[in-house]
Structure formats: C-alpha cells, structure tokens
Amino acid sequence: MLTVLLQLLICPCRFHNHVPVSSENRAYIGQRCTPRNNIYLMKNHKCGSSTIYNILFRYGYYKNMTFVTDLRRFLNAGHRLLPRNVNMYLRHAVFEPELTTAVFPNKTFYVTSIREPFAALKSLFNYFAVGKRFKSPDPLQYYLDHIEQYCNITVYHKNMYRSLPLSNHMSFMLGFTKKNPSQDQIKNFVTYVERRFDLVIVLEYFAESLVLLKRYLCWDLHDVLYLQVNRKLYKERSISYSHLWQKHWNVNKIDYAVYEHFKQTLLRKILSEGSGFRNEVITFKQMVKTVQSYCDSSSAIPLRYPSSEWNKAFVLPKNYCTYMKTTTSLRKEFREMEVNGFIRYVKVRNSQHTVVTV
C-alpha cells in the first residue's frame, strides 16, 4: 500500500476504473491460482533467450528471490551452506537434469527457447564473427557450400566456459551429443525434451509464447513486458540463401526435428487455451508497443496504463525502461553477494523504479 501511495505522489492523477475480468482470464490474474516462482531457464543462443532472461530476472529481483549461478559449485558447497529456497537459474549452460533435480524442487517450471534453425545460423554467424575464418566475399555462402567439411566447427562463449558447435547447437544445449543419430534416436530425444520442459518458446511466435508463459506461471501481463533491443541488421540477415537450405538441413537434422515438433506443439497449446487467447495476445502486443514508444520517448512522466479484460492497470516509471533494456542497470541498484554458486540480492527498494498495479 505504501508503494502505491508513493507512486500516486509521483503521478497525482486519476486512474482508469478496472474493467471487469473475463471468466476465462480469472485463473491467470491470481484469483484462482498461485504464482509459480521456481524457474529454470536454459538459455539457447540467439533464440531470444536474453530477452526472456531479462523478463525473469526482473520478476525475481522485485520478488526478492534467490538465483543460482553455478549448479556444480552450488552442490559442492555442502548442504549447510545452501539457501533454504532456491528460485531461479537463468544462464547459458548445457542442460544436465541430474544437477537441476538435485537443486530445484519437483514443481520447478522448466523453460527454454528455440528458433528456425536457418535463421539461427545467420544470427550465430554474425554474433560470433564466424565469417572471419573464411577468405570469401560471402563467408556464409562459402560455409554452406562446404558445410560437410566444416560441420564440426565450434564457437566459444565466455559465459559457457566451453565450445558451442555451429551445427545442431540448439539440440547440443538441450543435452544431445550423439554423432550421426538414427531417426529413432532423434525421435526419442524430442520426446525426452518434451518430458523435461514445461514450455519451449518459439521465437517466431514470441508474443504468443510469452502470453502462454504468463498464464502457466500465473503472473500478470505486465510481468512479461519486454523491449526490442539489439535488433541489429547484418548482411546475412537480408539474404535468403534459400537455394542452400537443403545443405544446411542435411547436417542439422536434429535441430530441424526439434524445431518442427515444438512449433507444432506450441500451436496446439495455443488452440487449447480457448478463443480468448488471441484477444489477450492482441492486448499484449498493444501493451508492448505502447511501452516501447514511451521508453523511446523523452517523457519523464510515469506511464499510466489502463486495465482491460486481460490486465490490471499499472504505473510504469521511466527508470524501469532502463531495467527492461539490460539487467546491468539493476545491478547498480543493489549490493550483489555471490557465495558458493548462488546469489542473494540485498536491495534498497525505490518505489520510483518499480511497476505498480493499481
């Protein structure tokens, strides 16, 4: 209540009256469910994972949660040093279920993201500057023309402490390491991933995926807000290379199988959510557009967003825009203590920096 009063002092204005909540949405705004706060995010490279990380990190930060930073160090520390309640693990790391089950409770929500494999290749190629390895005016085309020769090429990510294969990189992160697998092995792996993860976000259906995430976690719609940042244009992105797609598929069959399966799975989940889901996605896209416009503007007045059938009214202060762009800004606001592979945040709360529902 104090936080809300402080926000009213910052923005002494009349808020919109609440719009009646539809019966379909009641279960998703906290009236009939309890928010889920134990979350494991397996960040897949160049699949929107940093945006998802930002969403989950902001939520955990403002809810005073505990983050695990290194599962092995965490377990090696000994049980006497472990926190009583571990909430979130959000990082680039190959999925190792024996570690996660040893740390997280049974009801932990497991989420990851994937992307159309050819689009993912273009992004990886640019991000890791793979083209510098080839003396060619069009390095990506050269790579695809000789993909069987370079199918074992790897890149290094400093946050992983290990190399990442350029081929089937999404499946590698999910724990698949077999060479030249059979169709049955690929099928079994897809089934394994489906059993382990509660939601596989598909980048090509990002808004729909986030609304599903919000519903599954029993969060508010503003909890999954995001800004489009670092959406860089690069040469490979604008060229189709469609004539070389088959060559890429030939050495990335596992990633393509994973992508096609979970794209169809996502679409089935969307259909099962009912007729109102589409309207909630439309509401969410408009909310994102409004917040993006506000954050890109020079206005310093807190944004007042009205309630609707799908969301509560909320106030978003200007400072929060910075937090939505990068979690680095959050780290400047509090003292960070990392001990034995986990972090507990000691924060000085400032109501002017927090989204408040009204």
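Counting restarts for each chain, with residues numbered from 1 along the sequence as it is written. Side-chain atom pairs in this predicted model are given and counted only at pLDDT of 80 or more, local residue features only at pLDDT of at least 70, and totals for whole chains, interfaces and linings cover all residues. Think of the side-chain values as coming from all heavy atoms in the structure, minus any hydrogens and water.

K.L.:
Honestly, the nonpolar core in this entry has me stumped. Any pointers?
P.N.:
Here is a general trend for soluble globular proteins: nonpolar side chains tend to be buried in one another's company. The nonpolar core is taken to be a set of buried Ala, Val, Leu, Ile, Met, Phe, Trp, Tyr and Cys residues, with the residues joined through side-chain atoms within 4.5 Å. Remark: exposure states derive from per-residue accessible area (1.4 Å probe, protein chains only) relative to the maximum for the residue type, with buried under 20%, exposed over 50%, and partly exposed in between. With 102 residues, the main nonpolar core has Tyr-143, Phe-284 and Leu-316 as its most contacted residues. Sequence-distant contacts of Leu-316, that is, excluding residues within four places in its chain, are made with Leu-225, Val-291, Tyr-294, Pro-302, Leu-303, Cys-321, Met-324 and Val-355. Only heavy atoms matter for contacts: two residues are in contact if any of them lie within 4.5 Å across the pair.

K.L.:
Help me understand the side chain of His-248, please; the structure alone is not making it clear to me.
P.N.:
Under the scheme used here, helices are H or I runs from DSSP no shorter than 4 residues and strands are E runs no shorter than 2 residues, and both carry numbers assigned from the N terminus. Position of His-248 among the secondary structure elements: in helix H11 (residues 245-251). What makes His-248 buried here is its relative accessible area of 2%. With residues up to four places along the chain from it excluded, the contact list for His-248 reads Pro-117, Phe-118, Leu-121, Leu-144, Ile-147 and Tyr-256.

K.L.:
Mind showing me how you'd approach the pattern of salt bridges here?
P.N.:
Where charged atoms from two side chains of opposite charge approach closely, those side chains can pair. Criterion for a salt bridge: a side-chain nitrogen of Lys or Arg within 4 Å of a carboxyl oxygen of Asp or Glu. Evaluation of the coordinates by the stated rule reveals seven salt bridges. Salt bridges sharing common partners tie together Lys-214, Arg-215, Glu-273 and Glu-280.

K.L.:
What is the right way to read the pairing of strand S4 (residues 109-114) from this model?
P.N.:
The side chains of a regular strand alternate, residue by residue, between the two faces of the sheet. For S4, a buried count of six out of six residues is recorded, marking the element as mostly surrounded by other parts of the structure. The two faces of S4 match: Phe-109, Val-111 and Ser-113 on one face and Tyr-110, Thr-112 and Ile-114 on the other face are all buried. By the convention used here, strands pair only if DSSP detects at least 2 bridges between them. When S4 meets strand S7 (residues 199-202), the two strands line up parallel, connected through four bridges. The partner of Val-111 across the bridge, within S7, is Leu-199.

K.L.:
Looking at this structure, how should I read unusual backbone geometry?
P.N.:
Among all residues except glycine, the phi angle is most often negative; among peptide bonds, the trans geometry is most common. With phi around 55°, Lys-46 is a residue other than glycine that occupies positive phi space. The residue Lys-46 is located in the loop between strand S1 (39-42) and helix H2 (49-62) in this model.

K.L.:
I tried to follow the packing of aromatic side chains on my own but got confused; where do I start?
P.N.:
Only rings of Phe, Tyr and Trp enter the pairing, Trp through its six-membered ring, and a pair is recorded when the two centres are within 6.5 Å. The plane angle decides the type: under 30 degrees is stacked, over 60 is edge-to-face, the rest tilted. Under the definition given, this model contains 27 aromatic pairs. Plain terms: the ring middles of Tyr-40 and Tyr-110 are 5.3 Å apart, the flat faces sit at 35° to each other, and that makes the pair tilted. In this pair, Tyr-40 sits in strand S1 while Tyr-110 sits in strand S4, placing the two residues 70 residues apart along the sequence. The pair Tyr-40 / Tyr-110 is uniform in exposure class, with both members buried. Pairing Phe-57 with Phe-67 gives two aromatic rings, centres 5.1 Å apart and planes at 35°, and the pair type is tilted. Here Phe-57, found in helix H2, pairs with Phe-67, found in strand S2 (residues 66-68); they are ten residues apart in sequence, far enough to count as distant. According to the relative accessible area criterion, Phe-57 is buried, its value standing at 1%. Note on Phe-67: relative accessible area 4%, which makes it buried. When the NZ atom of lysine or the CZ atom of arginine is within 6 Å of a ring's centre and also within 35 degrees of its normal, the charge is said to sit over that ring. When the ring centre of Tyr-53 is taken as origin, the NZ or CZ atom of Lys-43, which lies over that ring, is 4.7 Å away. The aromatic ring of Tyr-294 is capped on one face by Lys-318, whose charged end is 4.4 Å from the ring centroid.

K.L.:
In this structure, what is going on with the confidence of the model for the chain? I would like to understand it.
P.N.:
Low-pLDDT stretches of the model should not have their predicted coordinates read in fine detail. In this model, the chain carries a mean pLDDT of 81, and residues with pLDDT of at least 70 account for 76%. In predicted models, pLDDT denotes the confidence assigned by the predictor to each residue on a 0 to 100 scale. Counting interchain partners and residues more than four positions distant, the pLDDT-below-50 stretch residues 26-30 has 16 contacts. Overall, residues 345-351 carries pLDDT values under 50, and its contacts beyond four positions in sequence, including any with other chains, amount to 22 contacts.

K.L.:
In this structure, what is going on with the packing of helix H9 (residues 206-217) against helix H13 (residues 276-296)? I would like to understand it.
P.N.:
Helix-helix packing is described using two parameters, namely the angle between the two axes and the distance between the axes. Axis angles are defined between N-to-C directions and span 0 to 180 degrees, where every axis is a line fitted to C-alpha atoms and, for a helix, only to the segment in contact. Where H9 contacts H13, the two axes come as close as 10 Å, and the packing angle between them is 110°. In terms of axis orientation, H9 runs roughly perpendicular to H13. Facing Ala-207, Glu-208, Leu-210, Val-211, Leu-212, Lys-214 and Arg-215 of H9, the residues of H13 in contact are Gly-276, Phe-277, Glu-280, Val-281, Phe-284 and Lys-285. Its residues assigned to classes, the contact of H9 with H13 shows seven nonpolar, one polar and five charged. Should an angle fall under 35 degrees it is taken as roughly parallel, and over 145 as roughly antiparallel, whereas 65 to 115 is taken as roughly perpendicular and any remaining angle as oblique. Note on residue categories: nonpolar means Ala, Val, Leu, Ile, Met, Phe, Trp, Tyr, Cys or Pro, charged means Asp, Glu, Lys or Arg, and polar means any other residue, Gly included.

K.L.:
Can you walk me through H2 in this structure?
P.N.:
Residues that lie three or four places apart on an α-helix share one face, since the helix turns once every 3.6 residues. A helix is expected to reach a length of 1.5 Å times the quantity of its residues less one. Given a rise of 1.5 Å per residue, 14 residues ought to cover 20 Å, and the 20 Å separating the end C-alpha atoms of H2 matches this to within 8%. For H2, the tally of buried residues reaches twelve of 14 residues, placing the bulk of the element in the interior. Along H2, the residues classified as buried are Ser-49, Ile-52, Tyr-53, Asn-54, Ile-55, Leu-56, Phe-57, Arg-58, Tyr-59, Gly-60, Tyr-61 and Tyr-62.

K.L.:
Would you mind going over the state of the cysteines with me for this structure?
P.N.:
Linking two cysteines covalently through their sulfur atoms gives a disulfide. Defined by distance alone, a disulfide is two cysteine sulfur atoms within 2.5 Å. All chains considered together, the criterion is met by two disulfides. Each sulfur in the disulfide pair Cys-33 and Cys-218 lies 1.8 Å from the other. On the S-S bond that ties Cys-33 to Cys-218, the torsion sits near 80°, and the link is right-handed. Note that Cys-33 is positioned in the loop between helix H1 (2-10) and S1 and Cys-218 in the loop between H9 and helix H10 (235-238), a separation of 185 residues in sequence. Classification of Cys-218 by relative accessible area gives buried; the value is 5%. Across the disulfide from Cys-295 sits Cys-321; the S-S distance is 2.1 Å. Measuring handedness by torsion sign, the sulfur bridge of Cys-295 and Cys-321 sits at about -75° and is left-handed. One end of the pair, Cys-295, is in helix H13; the other, Cys-321, is in helix H14 (residues 319-325), with 26 residues separating them in the sequence. With respect to burial, Cys-295 and Cys-321 carry one shared label: buried. Ordinal numbering of bonded cysteines along the chain defines a disulfide pattern of 1-2, 3-4.

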